[in-house]
Amino acid sequence: QVQLVESGGGLMQAGGSLRLSCAASGSRFSFNAMGWSRQAPGKQRELVATITTGGSTNYADSVKGRFTISRDNAQSTVYLQMNSLKPEDTAVYYCYTEAARDGFTVNYWGQGTQVTVSS
């Protein structure tokens, strides 16, 4: 099985910064694309940012220029640096990974970490 352990959420004032971390583990798994999504109350889940093992990134338009995704392949860890936070960034943030083993690829999601941005 794959485990994703998230950390770094919390309460921040608008304009501030937070950094989320997510460490993936699982026997004999390799972790291909990794990323973050978020879900605000009453809204659909939104894909925030993704990163491949080669470092190619994609961002939602709502976070471009403010958020930066990165990863440490040796530690199977993905990070989300969130700057210039806005109240509309308030959501539960979920880490995910495409985990591969024995020719199969399965998506796994973390439990989520709350980010609250006050105005």
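Before reading on, note that the structure itself is shown above.
Treat the numbers as computed from the prediction; the structure is a model and nothing was measured. (Residues numbered from 1 in each chain as written. Predicted model: local features only at pLDDT ≥ 70, side-chain atom pairs only at ≥ 80, totals over all residues. Heavy atoms only, no water.)

A. Seen up close, the sheet that holds strand E3 (residues 18–25). Pairing within the open sheet is antiparallel, and its 4 strands lie in the order E1-E3-E8-E7. At either end of the open sheet lies a strand with only one pairing partner, and these are strand E1 (3–7) and strand E7 (67–72). Within this sheet the neighbouring strands show an average axis-to-axis angle of 15°, counted without direction. Pairing of E7 with strand E8 (residues 77–82), which is carried by 6 bridges, proceeds in the antiparallel orientation. For Ile-69, the partnering residue across the bridge sits in E8 and is Leu-80. (Pairing = 2+ DSSP bridges. Helix = DSSP H or I, 4+ residues; strand = E, 2+ residues; numbered from the N terminus. Axes fitted to C-alpha atoms, helices over the stretch in contact; angles between N-to-C directions.)

B. Inspection of the state of the cysteines at higher detail. On inspection of all chains with the given rule, the structure shows 1 disulfide. What pairs with Cys-22 in a disulfide is Cys-95, and their sulfur atoms sit 2.0 Å apart. Handedness here is read from the sign of the S-S torsion; for Cys-22 and Cys-95, about -75°, the answer is left-handed. Taken together, the residues Cys-22 in strand E3 and Cys-95 in strand E9 (residues 91–101) connect sequence positions 73 residues apart. Classification of Cys-22 by relative accessible area gives buried; the value is 0%. The class of Cys-95 is buried, set by a relative accessible area of 0%. (Disulfide = S-S within 2.5 Å. Buried < 20%, exposed > 50% of the residue type's maximum accessible area, 1.4 Å probe, protein only.)

C. Quick look at the layout of surface pockets. A volume near 160 Å³ is recorded for the largest pocket. Lining of the largest pocket is provided by 13 residues; of these, Arg-38, Ala-40, Lys-43, Glu-46 and Glu-88 occupy positions nearest its centre. Of the residues contributing to the lining of the largest pocket, the split by class is 2 nonpolar, 4 polar and 7 charged. (1 Å grid on protein atoms, 1.4 Å probe; cavity = no way out; pocket = protein on both sides within 12 Å on 5 of 7 lines; lining within 4 Å. Points joined across faces, edges and corners; volume = space filled by probe spheres on them. Nonpolar A, V, L, I, M, F, W, Y, C, P; charged D, E, K, R; others polar.)

D. Representation of the side chain of Thr-97 in the model. You can see Thr-97 is positioned in strand E9. From its side chain, Thr-97 meets the backbone oxygen of Ala-33 in a polar contact 3.4 Å long. For Thr-97, the residues in contact, after removing those within four places along its chain, are Val-2, Leu-4, Phe-31, Asn-32, Ala-33, Met-34, Val-106, Asn-107 and Tyr-108. (Polar contact = N/O pair within 3.5 Å; in protein donor to acceptor, adjacent residues only side chain to side chain. Contact = heavy atoms within 4.5 Å.)

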